[in-house]
Amino acid sequence: MKTFSKGVHPFYNKDLTCNLSIEKISLSSKLVIPALQHLGSPSEVIVKKGDEVAIGQLIAKASGFVSANIHSPVFGKVAKISPKPIVGGRMANHIEIDVDIEKTSQFVWEKQNIDLIKLASEEIINKIKDAGIVGLGGATFPTHIKYTPPKDKTIDILVINGAECEPYLTCDHRLMVEKADEILKAVEIVAKILPLKSIIIGIEANKPDAIKTFNEKIKNYNLPIEVVPLKVKYPQGAEKMLIHATTKRVVPSGKLPLDVGVVVSNVGTLYAIYEAIYFNKPLIERVVTISGDVVKKGGNFLVPIGTPIEHILSYVEVDLKKAYKVIFGGPMMGVAVPSLDYSITKGSSGILFFSEKMARVEEETPCIKCGSCMKACPMNLMPNRLASFSKAKKWDEIKNINLYDCMECGSCAFVCPAKIDIVGWIRYAKNYIKAKNL
Amino acid sequence: MDLKKEGFILSSSPHIKIPVSTRKIMFLVIITLLPTIVISILYFGLSVLVLYLTAIISCMATEAIIKLIRKQKVTSIFDGSAIVTAILLVMTLPPSIGWQKVALGSFIAIAVAKELFGGLGQNIFNPALVGRAFLAAAYPVSITTFSKPNTVFPFLADSVSKATPLAAAKFDKVFTDISSLFFGQVGGCIGETSSLTLIFGGIILLIFGLINWRLVFSYLGTVALLTTIFWLKNPAVYASPIFHLFSGGLILGAFYMATDMVTSPITNIGNFIFGIGAGILVVLIRLFGGYPEGVMYSILFMNACTPLINKFTRTKAFGS
């Protein structure tokens with residue numbers, strides 16, 4: 001079975017939610033929508049307090065090249081616009097909307113009459129851009145930029161990321177099982193805008209139902225498409241690792257997938273593209289996995305962007321008294337939040353609730369140079385060195401040992417017997433060098 | 001805990017970690033050494049047990065005192081690393097050495113080789129071997145006086161002084177038979193005499209990935225290869241490669257000393273370089289040097305080279 005070299009084997013714990021169908025939850029009476037939900041510059045808020053907004057209406061527009069539009073997921077009224085920390089700590093404006101639950105509930109997105117043959121490539125790109133679609137795998141990079149390579153680059157392979165290698169998360173798994181046709185229709189759309197010679201769906205072998213579904217469905221599509229089962233290993237879904245495993249192409253250090261003619265899109269992103277083209281529906285909701293060891297009954301929920309965590313909690317059984325850590329995303333790369341005062345954004349693949357036992361931060365002991373981190377690092381770096389150089393503020397040396405090749409997947413810190421916060425130190429170095437312009 | 005008041009725990013990703021700690025690694029190493037410890041007590045008598053205990057107490061006490069002086073956490077003495085050093089040091093000493101010398105060697109091992117460099121993880125040289133090197137320099141006679149183990153009456157070691165197989169081979173050209181070497185019925189240091197239990201423990205460490213097979217096999221392989229060449233040239237003067245592999249401290253050194261994580265290279269190529277370099281040194285010392293045995297110096301010398309090896313064998317990042 002195809003895979004990359006090195007990596008780690010965490011307990012996957014996906015059984016908690018992998019068989020639970022995607023459930024649409026009721027509307028929250030209030031949405032809090034951050035104007036920064038993607039990689040890049042914050043969106044510019046274009047509504048003001050007291051404005052009536054309609055479902056799908058643009059409420060914050062992209063500012064700058066790497067940015068994305070944000071739309072209202074509901075009918076309602078803007079109650080407040082104020083700055084607040086987003087997940088991860090950066091400050092951003094938040095648009096608070098009082099939801100007109102009745103009006104929103106009655107609204108149905110109409111299917112458009114789409115003739116793919118007549119659809120121009122620019123038109124598709126513009127629709128993707130207007131819809132505010134970003135990578136839903138977690139990195140939230142604006143999708144339209146990925147699909148418009150510079151003139152001198154040709155993209156001939158689309159890799160569909162269905163690896164979902166993060167433990168606990170099952171939102172992509174459920175999408176693949178339940179929305180395979182929609183995802184494949186989105187692939188047809190992408191095939192219109194890129195000169196694709198080959199399309200690969202990479203799925204980890206622990207999702208046999210998803211692999212089976214796609215193997216059956218692809219026969220109905222006239223696409224050069226192949227389902228590639230991947231070995232269950234973390235970080236199988238990391239872009240560079242996935243590309244290497246499925247295409248044998250190596251993305252050079254400091255380069256992007258498009259430099260080797262590849263574009264990678266998450267299955268959730270493709271589903272969003274399908275909705276944008278076939279329903280004119282912007283990205284206003286996503287599937288979120290709720291799980292964790294203090295969650296008795298979790299699930300995969302279709303949630304409007306901006307829905308506060310507390311609203312979702314009524315759909316799950318979680319022992320909040322026993323919850324000591326709340327994580328946005330997966331346990332390997334997700335971000336811990338200090339309170340429940342956050343809402344779902346485009347990048348929220350999951351919310352995990354961990355017990356004291358799981359949340360305990362173990363005491364750091366000296367590095368014994370065991371080399372476990374090096375055996376784990378999929379990028380073949382020396383994480384122990386990166387961490388110790390960061391601690392010693394050796395900024396020139398740390399750049400020489402490929403600091404920027406680290407994608408912070410966490411494999412090193414996951415295996416470290418000395419419990420050194422390797423990823424934290426690497427991030428510290430990156431931020432310090434950036435802030436001080438070194 | 002009031003969650004609303006104190007907030008949830010914040011920490012950098014990843015939020016899950018494997019249940020392996022430095023302490024667990026050290027205690028696994030100790031467990032794999034237990035068969036050899038038991039065998040050595042059976043062969044050389046209860047006095048050896050006293051030596052082990054002396055070394056453990058001395059190592060831990062030394063570390064505790066230094067941690068106190070440096071105002072660091074004293075609890076680190078329970079991480080198991082001092083115990084590993086103590087056991088390995090005793091294993092490199094002859095059974096007839098007195099407990100006072102063991103205590104002194106333990107002190108040097110921890111105080112000079114480990115704590116002076118900054119404690120666990122910072123030392124350049126293997127502490128146990130530094131302890132032994134100190135004793136070898138300070139008490140050259142005691143450290144080369146060996147008794148033959150008594151396997152007929154366990155616990156009653158006979159005190160007849162006996163040359164080690166390596167010394168016999170080197171100076172008298174008398175080659176001990178292999179089965180005696182393998183099961184430990186030879187004169188020698190406390191932990192060096194039974195290759196069988198050492199290899200058993202070493203294999204467990206290899207299975208758990210706690211020692212690097214590249215180092216072990218390149219070290220043993222180099223010794224085997226070079227001694228084969230000399231043996232084929234003149235078997236009357238040079239002992240067989242099997243003899244060289246299973247005599248002296250080579251097995252102990254290859255599985256437990258050279259592979260010390262802290263003092264051996266972290267890169268895969270570095271481990272090969274270390275192993276080959278140490279192998280060449282052992283053969284040079286055993287066949288042409290002044291000492292019958294060269295394992296200790298071969299490892300200490302390569303320890304000194306390790307920072308350099310690490311520097312020149314950097315890994316190549318994916319895609320560069």
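No experiment lies behind these values; they were computed from the predicted model shown. (Residues numbered from 1 in each chain as written. Chains lettered and ligands numbered in written order. Predicted model: local features only at pLDDT ≥ 70, side-chain atom pairs only at ≥ 80, totals over all residues.)

## Focus on the overall build of chain A
We apply this condition: Only DSSP runs of H or I with at least four residues qualify as helices, and only runs of E with at least two residues qualify as strands; both kinds are numbered from the N terminus onward. Each radius of gyration reported is based on C-alpha atoms, and the globular scaling rule is 2.2 Å times the count of residues to the power 0.38. The exposure scheme places C-beta atoms from the backbone and then counts, for each residue, the other C-beta atoms within 10 Å of its own, assigning buried at 20 or more, exposed at 12 or fewer, and partly exposed in between. By definition, residues are in contact whenever their C-beta atoms, placed on the basis of the backbone, come within 7 Å of each other.
Looking only at helices and strands, one finds 15 helices and 19 strands in chain A. Radius of gyration (C-alpha) of chain A: 21 Å, near the 22 Å computed for a compact globule of 438 residues. If you line up chain A on its principal axes, its C-alpha atoms span 60 × 50 × 45 Å. Residue burial in chain A is summarised as follows: out of 438 residues, 53% are buried. Looking at chain A alone, contacts between residues at least 24 apart form 73% of all its contacts between residues at least 6 apart.

## Observations regarding the domain arrangement of chain A
Residues and elements named next belong to chain A. Applied cut-off: What fixes the domain bounds is an automatic or database domain assignment. Residues are grouped as follows: Ala, Val, Leu, Ile, Met, Phe, Trp, Tyr, Cys and Pro are nonpolar; Asp, Glu, Lys and Arg are charged; all remaining types, including Gly, are polar.
Domain annotation for chain A reports domain 1 (121–279) and domain 2 (372–436). Taking the mean C-alpha position of each, domain 1 and domain 2 sit 29 Å from one another. Tallying the contact residues gives 6 residues for domain 1 and 7 residues for domain 2. Classifying every residue of the side of domain 1 that touches domain 2 gives 4 nonpolar, 2 polar and no charged.

## A short note on the sheet that holds strand β4 (residues 52–53) of chain A
Across a sheet, strands are paired by hydrogen bonds formed along the backbone, either parallel or antiparallel in direction. Residues and elements named next belong to chain A. What counts is decided by this rule: Strand pairing is assigned whenever DSSP detects at least two bridges linking the two strands.
Strand order in the open sheet formed by 4 strands is β2-β8-β7-β4, with antiparallel pairing between adjacent strands. Looking at strand neighbours, the two that pair on one side only are β2 (30–34) and β4, the edges of this open sheet. When β4 meets strand β7 (residues 76–85), the two strands line up antiparallel, connected through 2 bridges. Each residue of the ladder has a partner; that of V53, found in β7, is G76.

## Thoughts on the pairing of strand β19 (residues 350–354) of chain A
All names here are of chain A. Among the 5 residues of β19, 5 are classified as buried, and the element is accordingly described as predominantly covered. Here β19 shows a buried face lined by G350, L352 and F354 and a second buried face lined by I351 and F353. For strand β13 (residues 285–291) and β19, the ladder comprises 3 bridges, and the chain directions are parallel. Each bridged residue has a counterpart across the sheet, and for I290 the counterpart in β19 is I351. The pairing of strand β17 (residues 325–328) with β19 spans 4 bridges and is antiparallel. Residue F328 lies in a different strand from β19, and its bridge partner there is I351.

## Details of the interface of chain B and chain A
For an interface, size is often stated in terms of accessible area lost upon the parts coming together. Every contact between the two is made by 31 residues of chain B and, on the other side, 51 residues of chain A. Residue composition of the side of chain B that touches chain A, grouped by class: 15 nonpolar, 12 polar and 4 charged.

## Some points on the environment of T213 of chain A
All names here are of chain A. By secondary structure assignment, the location of T213 is in helix α6 (residues 208–217). Overall, T213 belongs to the buried group, with 20 C-beta atoms counted inside 10 Å. Residues T213 and E164, 49 residues apart in the sequence, show an inter-C-alpha distance of 16 Å. Setting aside chain neighbours within four positions, we find T213 in contact with M176, V177 and A180.

## Let's talk about the confidence of the model for chain B
We count it as follows: Note: pLDDT gives the predictor's confidence per residue, expressed from 0 to 100.
The predicted model of chain B averages 88 in pLDDT, with 89% of residues at 70 or higher. Across residues 151–160 of chain B, where pLDDT falls below 50, the model places 19 contacts with residues more than four positions away in sequence or in other chains.

## Considerations on the packing of helix α5 (residues 180–193) of chain A against α6 of chain A
Residue and element names in this part refer to chain A. Heads up, the rule is: The angle between two axes is taken between their N-to-C directions and runs from 0 to 180 degrees, where each axis is a line fitted to C-alpha atoms and a helix contributes only its stretch in contact. Here the angle decides the label: under 35 degrees means roughly parallel, over 145 means roughly antiparallel, 65 to 115 means roughly perpendicular, and every other value means oblique. For any pair of crossing helices, the crossing counts as left-handed if the nearer helix is rotated counterclockwise from the farther one by less than a right angle, and right-handed if it is rotated clockwise.
It is at 10 Å that the axes of α5 and α6 come closest, and there the two elements cross at 55°. Accordingly, the angle class assigned to the pair α5 and α6 is oblique. Where α5 crosses over α6, the handedness of that crossing is right-handed. The residues of α6 that touch α5, namely those facing A180, D181 and L184, are T213, F214 and K217. Among the residues making up the contact of α5 with α6, the classes are represented as 3 nonpolar, 1 polar and 2 charged.

## Brief notes about the pairing of strand β9 (residues 157–162) of chain A
Residue and element names in this part refer to chain A. Most of β9 sits out of view: 6 of its 6 residues are buried. Note: β9 against strand β10 (residues 198–204), 6 bridges, orientation parallel. Its bridge partner being in β10, I157 is matched across the sheet by S198. Note that β9 and strand β12 (residues 262–266) share 5 bridges and pair parallel. Paired with I160 across the strands is S265, a residue of β12.

## A look at the domain arrangement of chain B
All names here are of chain B. Splitting chain B by domain gives domain 1 (24–143) and domain 2 (165–308). Summarising the inter-unit geometry, the C-alpha centres of domain 1 and domain 2 are found 21 Å apart. Of the residues lining the interface, 28 residues belong to domain 1; the matching set on domain 2 comes to 28 residues. Mapped onto the side of domain 1 that touches domain 2, the elements with two or more residues apiece are α2 (22–44), α4 (81–91) and α6 (127–138).

## Some details on the environment of Y147 of chain A
Residues and elements named next belong to chain A. Its location among the elements puts Y147 in the loop between α3 (143–146) and β9. C-alpha separation for the pair Y147 and Y168, spaced 21 residues apart in sequence, amounts to 30 Å. Residues contacting Y147, with those up to four places away along its chain left out, are I125, I128, V190, I193, L194 and V263.

## Quick notes on the sheet that holds strand β18 (residues 335–337) of chain A
Residue and element names in this part refer to chain A. Strand order in this open sheet of 6 strands is β1-β15-β13-β19-β17-β18, and the pairing throughout is mixed. A strand with exactly one partner marks an edge of an open sheet, and here the two such strands are β1 (22–24) and β18. Recorded for the sheet is a direction-independent mean angle of 30° between the axes of neighbouring strands. The strands that helix α4 (residues 171–178) touches are β1, β13, β15 (299–304) and β19; relative to β13, the one it contacts most, it runs at about 125°.

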